[in-house]
Amino acid sequence: MSILVTGGAGYIGSHCVAALLERGEDVVVVDDLSKGHKAALKGGRLYVGDVGDAAFLDTVFSKERIDAVIHFAAYSLVGESMTVPDRYFRNNCMAGLTLIQTMVAHKVPYLVFSSTAATFGEPDYTPIDEVHPQLPTNPYGESKLIVEKMLRWCDAAYGLKYVPLRYFNVAGAAPDGSIGEDHRPESHLIPLILQVAQGKREKLSLFGTDYPTSDGTCIRDYIHVCDLIDAHFLALDYLRAGNPSAAFNLGNGKGFSNREIIEAARRVTGHPIPVTEEGRRPGDPAVLIASSRKAMDVLGWKPKYTNVEDIIATAWNWHTGHPDGYGG
């Protein structure tokens, strides 16, 4: 039996595919390559197409003996979602529904869903646990929450078992430097900082310096991509063992402000990293810090990368070894 990874040529998806192959799993990948990179795949059978294309997806499920799905394919830019919300509901929600319908039709029983901390919105308290109210402040978070709700009802109706993993800021790269983060255009803080250190950007734009935090900048919880993938595997094992559907938050449980991340990157790279302060971006909560206690207690998950400098160092290793990313 095979595991299908949607969005498997993307940043997180490619790390998942590589780790699945190391585990000896038979891997099928669906990616339209609009944001992913074929060169990021270390193996697996790639089907190039849109998860929202029902006929295409049915063909994949008909050709392959799929036992479970790990679903990464989605648009994920908070700022962009505020300007073109319809694109996010179409791509994330409607494609998510198409995937669910196809799984039900082909009797595929297990789905591990890439959700997000953005489903919580402005936190009432931190660290944020799984019972915290989900009140998104942007269409990206709303679109992920809608898929979570669809899954809950489809579990009740069809017995489709699922785990949404609500993770916080993902960073870092494979320890051997073979695969890493290559978005075009880049929008994530750590790779943007590292592009300045590489000389590809003159300076970093720091959005929002008047938040109600210790230094006025947003505070986020950073999780290494390999720790994140470990959690996906534990979630899949949890479902295969016959356990009920359940959601888990994933993070380090520590918050780092944007200024602290910049300082950590300066120490790792030895570069001054000039900064220009800009206004806030719409839809950005001030503080997001995870409680991962449930994942630790139920799944047995334990992150290996708890020091933000170590996380940044793996990313820097990737960027210095691949100055042009995947080369096109």
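1. Comments concerning the pattern of salt bridges
A pair can form between side chains of opposite charge whenever their charged atoms are brought close.
Turning to step 1, where the next piece is worked out: Tallied over the entire structure, the rule returns 18 salt bridges.
Turning to step 2, where the next piece is worked out: Between Arg 166 and Glu 148 there is a salt bridge, and its shortest N-O distance comes to 2.8 Å. Pair noted here: Arg 166 is in strand β6 (residues 161–167) and Glu 148 is in helix α5 (residues 139–158), with a separation of 18 residues, a long-range link. Neither Arg 166 nor Glu 148 differs from the other in exposure class; each is buried.
Turning to step 3, where the next piece is worked out: The partner of Asp 230 in a salt bridge is Lys 304, and the shortest N-O contact between them spans 2.7 Å. Of this pair, Asp 230 sits in helix α7 (residues 225–240) while Lys 304 sits in the loop between α9 (293–299) and α10 (308–321), placing them 74 residues apart in sequence.
Turning to step 4, where the next piece is worked out: With a relative accessible area of 63%, Lys 304 lands in the exposed category.

2. A few points about the packing of helix α4 (residues 85–105) against α5
Turning to step 1, where the next piece is worked out: Orientation of α4 relative to α5, taken along the N-to-C sense of each, is 20 degrees, at an axis distance of 9 Å. Considered as vectors, α4 and α5 are oriented roughly parallel to each other. Judged by the twist between their axes, the crossing of α4 over α5 is right-handed. Across the interface between the two elements, Pro 85, Tyr 88, Phe 89, Asn 92, Cys 93, Gly 96, Leu 97, Ile 100 and Val 104 from α4 touch Pro 139, Tyr 140, Glu 142, Ser 143, Ile 146, Val 147, Met 150, Leu 151, Cys 154 and Tyr 158 from α5.

3. Description of the sheet that holds strand β12 (residues 256–257)
Turning to step 1, where the next piece is worked out: In spatial order, the strands read β12-β9-β14; together these 3 strands make up an open sheet with mixed pairing. Bordering the open sheet on either side are β12 and β14 (287–288), each of which pairs with just one other strand.

4. Here we look at the side chain of Ser 81
Turning to step 1, where the next piece is worked out: Relative to the helices and strands, Ser 81 resides in helix α3 (residues 78–83).
Turning to step 2, where the next piece is worked out: Assessed through its relative accessible area of 0%, Ser 81 is described here as buried.
Turning to step 3, where the next piece is worked out: Among the polar contacts listed, one links the side chain of Ser 81 to the backbone oxygen of Val 78, at a separation of 2.7 Å.
Turning to step 4, where the next piece is worked out: At a separation of 3.2 Å, a polar atom in the side chain of Ser 81 contacts the main-chain amide nitrogen of Tyr 140.
Turning to step 5, where the next piece is worked out: Apart from the residues lying within four places of it in its own chain, the contact partners of Ser 81 are Tyr 88, Asn 138, Pro 139 and Tyr 140.

5. Things to note about α7
Turning to step 1, where the next piece is worked out: Over its 16 residues, α7 runs 23 Å from end to end, which matches the ideal 22 Å to within 8%, given 1.5 Å per residue.
Turning to step 2, where the next piece is worked out: When α7 is considered as a whole, its buried residues turn out to be Val 225, Asp 227, Leu 228, Ile 229, Ala 231, His 232, Phe 233, Ala 235, Leu 236, Tyr 238 and Leu 239.
Turning to step 3, where the next piece is worked out: A positive phi of about 90 degrees marks Gly 242, the residue just after α7.

6. Description of the packing of aromatic side chains
Turning to step 1, where the next piece is worked out: Here the structure, examined in full by the defined rule, presents 3 aromatic pairs.
Turning to step 2, where the next piece is worked out: The ring centre of Tyr 211 lies 4.1 Å from the NZ or CZ of Arg 280, which sits over that ring.
Turning to step 3, where the next piece is worked out: The cationic tip of Lys 294 hangs over the ring face of Phe 248; the distance from NZ or CZ to the ring centre is 5.0 Å.

What counts and how
Residues numbered from 1 in each chain as written. Predicted model: local features only at pLDDT ≥ 70, side-chain atom pairs only at ≥ 80, totals over all residues. Heavy atoms only, no water. Salt bridge = Lys/Arg side-chain N within 4 Å of Asp/Glu carboxyl O. Helix = DSSP H or I, 4+ residues; strand = E, 2+ residues; numbered from the N terminus. Buried < 20%, exposed > 50% of the residue type's maximum accessible area, 1.4 Å probe, protein only. Axes fitted to C-alpha atoms, helices over the stretch in contact; angles between N-to-C directions. Parallel < 35°, antiparallel > 145°, perpendicular 65-115°, else oblique. Left-handed = near helix turned anticlockwise from the far one by under 90°. Contact = heavy atoms within 4.5 Å. Pairing = 2+ DSSP bridges. Polar contact = N/O pair within 3.5 Å; in protein donor to acceptor, adjacent residues only side chain to side chain. Expected span 1.5 Å × (residues − 1). Phe/Tyr/Trp six-rings, centres within 6.5 Å; stacked < 30°, edge-to-face > 60°. Lys NZ or Arg CZ within 6 Å of the ring centre and 35° of its normal.

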